[in-house]
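The residues making up each chain are set out below.
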Amino acid sequence: MTDTPDPRFPLLGVEERRRALHFTSSAPRRFPAGAPLFAAGDRDSPAFLILEGTVEVTVRGTDGGDATLVEHGPGSITGEVGQLAGHPALATGRAGPRGCLAAAFDADHLRALIVGSADIGEKVMHAFVSRRTTMIGRGTGATIVGSAHTPEVQRVQRFLSRNGYPHTLLDTENDTDAGELVERLVTDDALLPLVVCPNGTVLNGPTDAEIGIALGLTPTLDPTACHDVVIVGAGPAGLATAVYAASEGLSVLIVDAHSFGGQAGASNRIENYLGFPAGITGQALTGRAFTQAQKFGAQIAIPIDVSHIQCGGPSRDRTIPITLQTSTGIALTTRAVVIATGARYRRPPIHDLARYESTAVSYWASAIEAEECRGTTALLVGGGNSAGQAAVYLAPHLEQLHVIIRGEGLHTSMSRYLVERIADLPNVHVHTRSEVVALRGPIQGYFQATVRHRSTDVLTEYGISRLFSFIGADPNTAWLSECAVAVDDHGFILTGAATSHANPVTSVDRRAPLETSVPGIFAVGDVRAGSTKRVAAAVGDGAAVVAQLHAYYATNL
Ligand SMILES: Cc1cc2nc3c(=O)[nH]c(=O)nc-3n(C[C@H](O)[C@H](O)[C@H](O)COP(=O)(O)OP(=O)(O)OC[C@H]3O[C@@H](n4cnc5c(N)ncnc54)[C@H](O)[C@@H]3O)c2cc1C
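The rules behind each value
- Residues numbered from 1 in each chain as written.
- Predicted model: local features only at pLDDT ≥ 70, side-chain atom pairs only at ≥ 80, totals over all residues.
- Heavy atoms only, no water.
- Helix = DSSP H or I, 4+ residues; strand = E, 2+ residues; numbered from the N terminus.
- Buried < 20%, exposed > 50% of the residue type's maximum accessible area, 1.4 Å probe, protein only.
- Contact = heavy atoms within 4.5 Å.
- Areas by Shrake-Rupley, 256 points an atom, 1.4 Å probe, with all protein chains shown as cover.
- Lys, Arg positive; Asp, Glu negative; His and termini not counted.
- Charge placed at Lys NZ, Arg CZ, Asp CG, Glu CD.
- Domains from an automatic or database assignment.
- Buried area = accessible area lost by both parts, 1.4 Å probe.
- Salt bridge = Lys/Arg side-chain N within 4 Å of Asp/Glu carboxyl O.
- Nonpolar A, V, L, I, M, F, W, Y, C, P; charged D, E, K, R; others polar.
- Phe/Tyr/Trp six-rings, centres within 6.5 Å; stacked < 30°, edge-to-face > 60°.
- Lys NZ or Arg CZ within 6 Å of the ring centre and 35° of its normal.
- Near = heavy atom within 4 Å.
- Polar contact = N/O pair within 3.5 Å; in protein donor to acceptor, adjacent residues only side chain to side chain.
- Pairing = 2+ DSSP bridges.
- Axes fitted to C-alpha atoms, helices over the stretch in contact; angles between N-to-C directions.
- Expected span 1.5 Å × (residues − 1).

Undergrad: For the overall build of the chain, give the residues involved together with the corresponding values.
TA: When helices and strands are counted, the chain shows 14 helices and 26 strands. Counting only C-alpha atoms and orienting by the principal axes, one finds that the chain spans roughly 80 × 70 × 55 Å. When each of the 557 residues of the chain is scored for burial, the buried share is 52%. Of the contacts made within the chain by residues no fewer than 6 positions apart, 68% connect residues no fewer than 24 positions apart. Here the chain displays about 24,500 Å² of accessible surface, and carbon together with sulfur accounts for 53% of that area. One finds the centroid of the 43 positive side-chain charges in the chain at a distance of 5 Å from the centroid of its 54 negative side-chain charges.

What follows is the structure, encoded as structure tokens:
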């Protein structure tokens with residue numbers, strides 16, 4: 001029997017090494033035994049192709065000691081997906097007992113190798129993605145110290161999970177060492193959780209923005225740079241725009257207020273996206289797109305909220321760049337903008353909802369929520385496909401799930417395959433012509449939900465551990481209120497011919513199909529009026545808008 005090679009650790013053959021050496025950022029260098037090639041937390045640390053000797057890669061364990069991840073030998077390349085963007089290293093690499101000879105590839109040269117040499121690029125990309133996946137599985141990376149039941153810990157977990165950043169939780173409720181550590185170091189609960197970065201830096205009760213900076217998810221942006229295009233929103237539409245634009249040589253910056261993936265990233269199984277007959281999680285699908293965008297050199301900055309566009313309106317001077325104001329205070333300058341800010345979940349009109357929102361109400365259903373609710377009874381509001389997917393995903397974890405819908409039945413609003421799956425789940429109970437009107441009781445543990453039957457007015461009480469809500473979404477366009485980009489009555493952005501109603505233009509000045517009422521500002525995906533609210537449609541918009549960007553640059557700048 002032959003051993004199947006481990007795709008995480010491919011070896012380049014002699015001829016491949018020779019070709020790879022054309023792309024190095026510096027000449028091969030000899031490292032004596034034990035000398036560091038890179039250290040966890042180092043920014044812009046290159047990947048290394050090992051030519052002679054070995055490199056031992058270690059990570060710091062939760063006990064503070066070093067754990068060996070792998071020993072690279074000749075033909076192996078160190079690194080993982082973070083190296084594509086110059087993100088801080090997650091591990092430390094030292095020359096083995098007989099030293100090593102290694103050639104470095106900084107982020108630019110690494111991407112040039114991957115794009116310029118397709119066969120080597122395929123091996124390296126497979127290796128990097130599967131190494132990151134392994135690290136996520138092992139929890140190698142950041143360590144969160146705090147109580148798993150607190151909203152703050154769950155927020156940090158969610159932020160890191162959604163951004164594909166490996167982490168582990170030391171739950172102070174179960175781990176006595178962690179509990180003692182917190183007692184010693186933290187005097188104020190507001191400073192929890194602790195987040196220990198791979199380089200040992202400890203953050204006390206950090207915001208998502210502070211974590212993003214400390215872990216290198218948010219790069220240092222150059223305020224003097226003028227990008228070809230800034231894409232606002234890293235959901236499927238924004239990521240597709242980034243992949244196509246960067247692969248066609250444009251300088252691309254993509255920013256997102258929370259994480260890559262957008263709404264799709266919250267989907268536990270997308271079954272209708274072309275090419276994935278077994279379905280794929282939204283996180284996996286958009287994680288691939290995120291890595292792909294980085295491979296082509298798109299710069300990605302998360303979490304950064306764009307709060308305002310200074311654009312000069314429909315008759316703006318197209319030779320003057322557009323400025324975007326961000327939550328970091330940095331203004332971004334660009335020749336064109338693609339708005340891909342998608343939509344945001346709608347809040348159900350339930351009395352006292354706000355009191356429960358930080359602890360017991362979810363607008364998504366991830367593994368974290370499923371684990372939190374394991375073996376309990378929960379209630380889910382909504383009858384669309386996202387509600388159906390969530391019900392199918394959650395049901396095996398729950399004792400009972402009550403699905404509350406206002407309509408006559410699921411068949412009018414949900415795909416047939418989901419309706420059939422729900423019908424097969426014995427612990428899912430669908431309540432038609434019903435609505436949740438009030439929540440009562442403690443905000444943690446079991447509380448009461450009052451459900452009203454809309455025809456009979458009969459009120460029924462359910463003891464539940466969590467309320468899930470999937471009742472649709474509104475466009476993320478409030479931030480455009482001071483800008484002249486025209487929107488429809490529901491706030492979705494008008495593009496192409498539709499802009500002429502809001503803002504009559506001459507035939508000479510006609511907008512491209514995905515261009516807004518303001519020249520040089522484009523809109524794609526769910527945020528666009530009239531778009532089909534599906535991943536494939538958002539991705540299609542992303543591909544199409546790049547051709548329109550080229551046409552815009554050719555005629556206007
Ligand atoms: C639970 C769920 C399941 C779904 N399942 C499916 C499915 O099975 N099949 C399917 O085809 N579709 C599905 N959809 C719909 C699909 O996810 C959306 O159509 C798609 O995600 C739209 O992509 P988008 O990029 O246009 O917007 P979004 O995915 O909404 O992404 C927008 C991004 O913009 C960011 N953003 C917003 N405002 C700002 C700002 N001011 N500054 C910076 N960033 C900002 C947000 O953080 C977000 O990441 C599902 C949706 C949900 C919620």
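Undergrad: Describe the environment of Gly 205, naming the residues involved and giving the relevant values.
TA: Along the chain, Gly 205 falls in the loop between β9 (202–204) and α6 (208–215). Given a relative accessible area of 22%, Gly 205 falls into the partly exposed group. Once the C-alpha coordinates of Gly 205 and Val 195 are considered, the two residues, 10 residues apart in sequence, prove to be 7.6 Å apart. Dropping the residues within four chain positions of it, Gly 205 is found in contact with Ala 190, Leu 191, Leu 192, Pro 193 and Glu 210.

Undergrad: Outline the domain arrangement of the chain, listing residues and values.
TA: One can read the domain layout of the chain as domain 1 (14–138), domain 2 (142–215), domain 3 (226–344 + 474–556) and domain 4 (353–471). Just the C-alpha atoms count here: the centres of domain 2 and domain 4 sit 30 Å apart. Facing seven residues of domain 2, the contacting portion of domain 4 comprises eight residues. Between domain 2 and domain 4, the buried area comes to about 550 Å², and carbon and sulfur atoms account for 48% of it. Summed over the shared surface of domain 2 and domain 4, the number is one salt bridge. Of the residues that constitute the side of domain 2 that touches domain 4, the class distribution is two nonpolar, four polar and one charged.

Undergrad: Lay out the packing of aromatic side chains in plain terms, naming residues and giving numbers.
TA: The tally for this structure, following the rule as stated, stands at nine aromatic pairs. Through pairs of rings, three or more aromatic residues link up here, namely Phe 31, Phe 38 and Phe 48. Geometry around Tyr 553 places Arg 335 over its ring, the cationic atom sitting 4.1 Å from the centre.

Undergrad: An account of the environment of Asp 42 is requested, with residue identities and associated values reported.
TA: On the secondary structure map, Asp 42 appears in the loop between β2 (36–38) and β3 (47–60). As for Asp 42 and Thr 92, which are separated by 50 residues in sequence, their C-alpha atoms are 9.0 Å apart. Among residues more than four places away in sequence, those in contact with Asp 42 are His 87, Pro 88 and Ala 89.

Undergrad: How would you sum up the site of the ligand? Please name residues and give values.
TA: As a matter of local geometry, the ligand sits amid 32 residues, with Asp 256, Gln 263, Gln 389, Asp 526 and Val 535 nearest to it. Asp 256 places a side-chain nitrogen or oxygen 2.6 Å from an oxygen atom of the ligand. One of the backbone N or O atoms of Arg 534 is found 3.2 Å from an oxygen atom in the ligand. Considering the ligand on its own, with 1,000 Å² of exposed area, one finds that the protein chains cover 92% of that surface. Elements represented by at least two residues in the shell around the ligand include exactly α7 (236–247), α11 (385–394) and α14 (535–556). Looking at the shell around the ligand residue by residue, the class counts come to 13 nonpolar, 14 polar and five charged.

Undergrad: I'd like to hear about the sheet that holds strand β23 (residues 459–464), residue by residue, with values.
TA: Strands belonging to one sheet form pairs held by backbone hydrogen bonds; the direction of such a pair is parallel or antiparallel. The three strands are arranged β21-β22-β23 in an open sheet whose pairing can be described as antiparallel. On the outer flanks of this sheet lie β21 (434–440) and β23, each paired with one strand and no other. Taking each pair of neighbouring strands and ignoring which way they run, the sheet shows an average axis angle of 30 degrees. Summarising the sheet, strand β22 (residues 447–453) and β23 pair through six bridges and their orientation is antiparallel. The residue bridging Phe 447 from the neighbouring strand is Ile 464, located in β23.

Undergrad: Go over the pairing of strand β24 (residues 466–469), please, and point to the residues and values.
TA: On β24, burial covers both faces: Arg 466 and Phe 468 on one face and Leu 467 and Ser 469 on the other are all buried. By the bridge criterion, two bridges tie strand β17 (residues 361–362) to β24 in an arrangement that is parallel. Bridging from a neighbouring strand, Ser 362 pairs with Phe 468 of β24. Judged from the four bridges that link them, strand β18 (residues 377–381) and β24 form a sheet pairing that is parallel. Bridging across to β24, Ala 378 finds its partner in Arg 466.

Undergrad: Tell me about unusual backbone geometry, and name the residues and values.
TA: A cis amide bond links Leu 192 with the next residue in sequence, Pro 193, at an omega value of 0 degrees. In this chain, Ile 302 is followed by Pro 303 through a cis amide linkage whose omega measures -5 degrees. Looking at the secondary structure, you find Pro 303 in the loop between β12 (299–301) and β13 (306–310). The residue Asp 352 is not glycine, and still its phi comes out positive at about 70 degrees. The residue Asp 352 is located in the loop between β16 (343–345) and α9 (353–356) in this model. Positioned with a positive phi, Asp 457 is a non-glycine residue whose angle comes to about 65 degrees.

Undergrad: So what's going on with the sheet that holds β24? Which residues, and what values?
TA: If you trace the five strands from one edge of the open sheet to the other, you get β17-β24-β18-β19-β20, paired in parallel fashion. Looking at the sheet topology across the chains shown, the edges are occupied by β17 and β20 (428–431). Alignment of β18 against strand β19 (residues 400–404), held across five bridges, turns out to be parallel. Counterpart to Ala 378 in the pairing with β19 is Leu 401.

Undergrad: Describe the side chain of Asp 256, listing the residues and the values that go with them.
TA: If you trace the backbone, Asp 256 turns up in the loop between β11 (252–255) and α8 (282–295). Within the structure, the side chain of Asp 256 is placed 2.6 Å from the backbone nitrogen of Ala 234, a separation counted as a polar contact.

Undergrad: Account for α8, with residues named and values stated.
TA: If you check α8, its first and last C-alpha atoms are 20 Å apart, about what 14 residues at 1.5 Å a residue would give, namely 20 Å. Listing the buried residues of α8 in full gives Gly 282, Leu 285, Thr 286, Gly 287, Ala 289, Phe 290, Thr 291, Ala 293 and Gln 294. Among the structural elements, α2 (107–116), α3 (118–138), α7, β12 and α14 are those in contact with the buried residues of α8.

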